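Here is how the chains run, residue by residue.
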Amino acid sequence: MGTALIYDEEMTKYKLLWVDPVCKIEVPERLTVSHQALIKSGLADRCVSVPVREATDEDILLVHSEEYLEAVKKTPYMTLEDLQVFTLKYGDVYFHPNIYHCAKLAAGAALQLVDSVMTGKVRNGMALVRPPGHHSMRSAANGFCVFNNVAIAARYAKQKYDLKRVLIVDWDIHHGQGVQYCFEDDPSVLYFSWHRYEHQKFWPNLRESDYDAVGKDKGVGFNVNVPWNKVGMTNSDFLSIFCHILLPVAYEFCPDLVLVCAGFDSAIGDPEGEMSASPDVFAHLTHLLMNLAGGKLCAVLEGGYNLTSLPQSVCQTVQTLLGDPAPPSANLTGPCRSALETLHCVRSAHLPYWSCLSHAAELPTSDVSTKRAKLTEGKAPQAGEEEKKSAAVAEWPEPPRRVPPPVRTAAVLPDGVACPDRCQRFSSSEDPGPATVRKLRETFFRDANDGGALHTLVTLTALVEKMLKNEVGSGLALVSNVPAALACAARHVAAALNKRVLVVCVGDRMEVIPGTEDGKTVLVQFSSHESDEQKGKYEVPVCLKKGCSDVPGFMQAVLSLLLPLGYEFDPSLVLLVRTAGCEVCDSAWQQLTGLLQGLAQGHTLVLMHEEEKSHVATTVSRLLGDAAPPLGPLRAPLADHMEAVERIRHRLQTEWKLLQTTTTGCGECGES
Ligand code: FKS
Ligand code: ZN
């Protein structure tokens, strides 16, 4: 199943006709450079090209008032002077004789995208549109927006396909207040937006863009605002918000469809956003959303004004939608203080509505605000106390090309186990040489002399090498001796190849575990086995006492512990191990497998016991990048499990900065 790309040159055929310093950045070239970049990179050719259509009056009236629609309808016939006068009724927007036509196409493009995804013609897609939509309101144009493309798409999708829940992720750097107003009392549409705010000093300067605007009436809890109070936010800040707010809430909500207000003014170099996130962060943001709603994701362009970072970011997004492995997640140094304040405020504000946040340390948010006020109003900050954040230098390297490996997924399977479609059966033809064989035998089979098992280890070693050379993407091996296979593969990566390896084990606690002393190996082990040992930074036993059968608790551990740690560690390979007594339900296992594909450029090697062969087909499907099936709305995680996860996060957050959720280092003990 493919990726739709919707674009029509017609939407470049309007522009600002008078002098206006506020509006001059919204130019037709935004669309042409984005589209050209997709063509030049070969990505456009790989997409299913879907034509635009004009949204009908009926479509537009799903969100806008009749009076407003009738007023906009007159603009094609206005003189330049009339247009200027009409424009003055609204904020930060301009009209043009052709903008009504383009606005109908922009909204219609979003609807075509929803139809393509919902009818199963494609899995996901992106619409490159102008004018953008997220600021426009029921009866008002605003912030370059005429009709609210994504809000219309959400109502349309709900109505036409009888959807129960739609998630809107607005990663544009401006607050989509139009979307918020449209759905603030509606619990069927969850709206998430992060935006430059600077304590209301940044446009659109609304009180209701702050974190405490959580929705109204029945929709309370279904509006999530993440205000950035400093510029210069980085990849770490963005990913931290995803791991600790958006993803847990989104998984609990369990949308039937994900719509993205895909603005790229949140990327480095943008004159409006002044943030420092690199274009490849959008690959990760996209990837992290792709296992929700069975992969049904529609991205609709909003802002983005730097004509270099905009096309790069668009390409990263589309390439990820196409299923190519993610780029490395290098240089994640943890969120800044201001981002942590925001994170904490948002989590506290939403703690009454989402059980995944119910253990968010309940430090009164007023404390944070007071501290903040003191910090800003008082004397000049002491050296080192001042935020290091500042607007980024508008120079950054072009994201390296993401080259999909020639073999996407390979499997090492015993004879008699069929190899799934699109997956290559892997067997090593190379002779390992007597020295290697002797070493393997000495290390792993001192007592036994099992030729078959030895051969498996030789094969695994060869497979791991091919994965690290990007000749193979991901892999799966069914083995009889899981601990030996794991130790062999992990040691080979860490010791012989000197690369970082993340080992994730699910199920029975393993007796033989690879050493983590080298700092190249991180071991995260999910099991029901109690362990009070204080392990170091590289060994993380996650004890879910009632077993991993508590899906919400397990997902909490995956989203707020494993993923941030994994992203910060930035391994070259992920070894995902499923042991015989694995209690985690199949759909949670699949989510885990899918989410881990965002690490190590998709180089995951799954090791399973031979008896687990019934899981081969679904696991391979995740490794190939197919979306995992939805888990259903999640109930509250078991309190014990929540506490266990919080305890581990607390223990590790000084070492792994991406695990932090408060500025104090520890919400409960006040330790820094
Ligand atoms: C402050 C002036 C802000 C208006 C900015 C509009 C932003 C529009 C957008 C959209 F996605 F809608 F295009 N002027 N310097 O990027 O959010
Ligand atoms: Zn914007």
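(A) Seen up close, the sheet that holds strand E15 (residues 573–578). With respect to topology, eight strands assemble into an open sheet ordered E10-E9-E11-E16-E15-E12-E13-E14, the strand pairing being parallel. The open sheet terminates on both sides in strands that have one partner only, identified here as strand E10 (424–425) and strand E14 (539–543). Here strand E9 (residues 407–412) pairs with E10 via two bridges, running parallel. Bridge pairing links Ala410 to Gln424 in E10. Strands strand E12 (501–506), strand E13 (521–527) and E14 of the sheet are contacted by helix H17 (residues 551–569), whose axis makes an angle of about 175° with E13.

(B) Examining the coordination of the zinc ion (ligand 2) more closely. The coordination sphere of the zinc ion (ligand 2), as far as protein atoms go, consists of Asp172 (OD), Asp172 (OD), His174 (ND1) and Asp265 (OD), spread over 1.9 to 2.6 Å. Coordination at the zinc ion (ligand 2) comes from six donor atoms whose angles at the metal span 55 to 157°, giving a geometry best classed as irregular.

(C) The arrangement of the nonpolar core in detail. Among the nonpolar cores identified, the biggest contains 188 residues, and Ile168, Trp171 and Phe526 are the most heavily contacted of them. For this core, the element with the highest residue contribution is helix H6 (residues 99–118), accounting for 14 residues. Apart from residues no more than four positions distant in its own chain, Ile168 is found in contact with Val150, Ala154, Val179, Phe183, Val189, Leu190, Tyr191, Phe192, Leu259 and Cys261. Counting residues in each nonpolar core, the second largest holds 36 residues, with Phe444, Val458, Val472 and Ala485 among its members.

(D) View of the site of ligand 1. Near ligand 1, the surroundings consist of 16 residues, among which Asp92, His134, His135, Gly303 and Tyr305 are the closest. Between ligand 1 and the protein, one listed contact pairs an oxygen atom with a side-chain N or O atom of His135 at 2.6 Å. Considering ligand 1 on its own, with 460 Å² of exposed area, one finds that the protein chains cover 88% of that surface. Residues of the shell around ligand 1, tallied by class, amount to six nonpolar, five polar and five charged.

Each value, and the rule that gives it
Residues numbered from 1 in each chain as written. Chains lettered and ligands numbered in written order. Predicted model: local features only at pLDDT ≥ 70, side-chain atom pairs only at ≥ 80, totals over all residues. Heavy atoms only, no water. Pairing = 2+ DSSP bridges. Helix = DSSP H or I, 4+ residues; strand = E, 2+ residues; numbered from the N terminus. Contact = heavy atoms within 4.5 Å. Axes fitted to C-alpha atoms, helices over the stretch in contact; angles between N-to-C directions. Donors = N, O, S within 2.8 Å, 3.2 Å for Na, K, Ca; no water. Tetrahedral: all angles 85-135°; square planar, octahedral: opposite > 155°, others 65-115°. Core = buried A, V, L, I, M, F, W, Y, C linked by side-chain atoms within 4.5 Å. Buried < 20%, exposed > 50% of the residue type's maximum accessible area, 1.4 Å probe, protein only. Near = heavy atom within 4 Å. Polar contact = N/O pair within 3.5 Å; in protein donor to acceptor, adjacent residues only side chain to side chain. Areas by Shrake-Rupley, 256 points an atom, 1.4 Å probe, with all protein chains shown as cover. Nonpolar A, V, L, I, M, F, W, Y, C, P; charged D, E, K, R; others polar.

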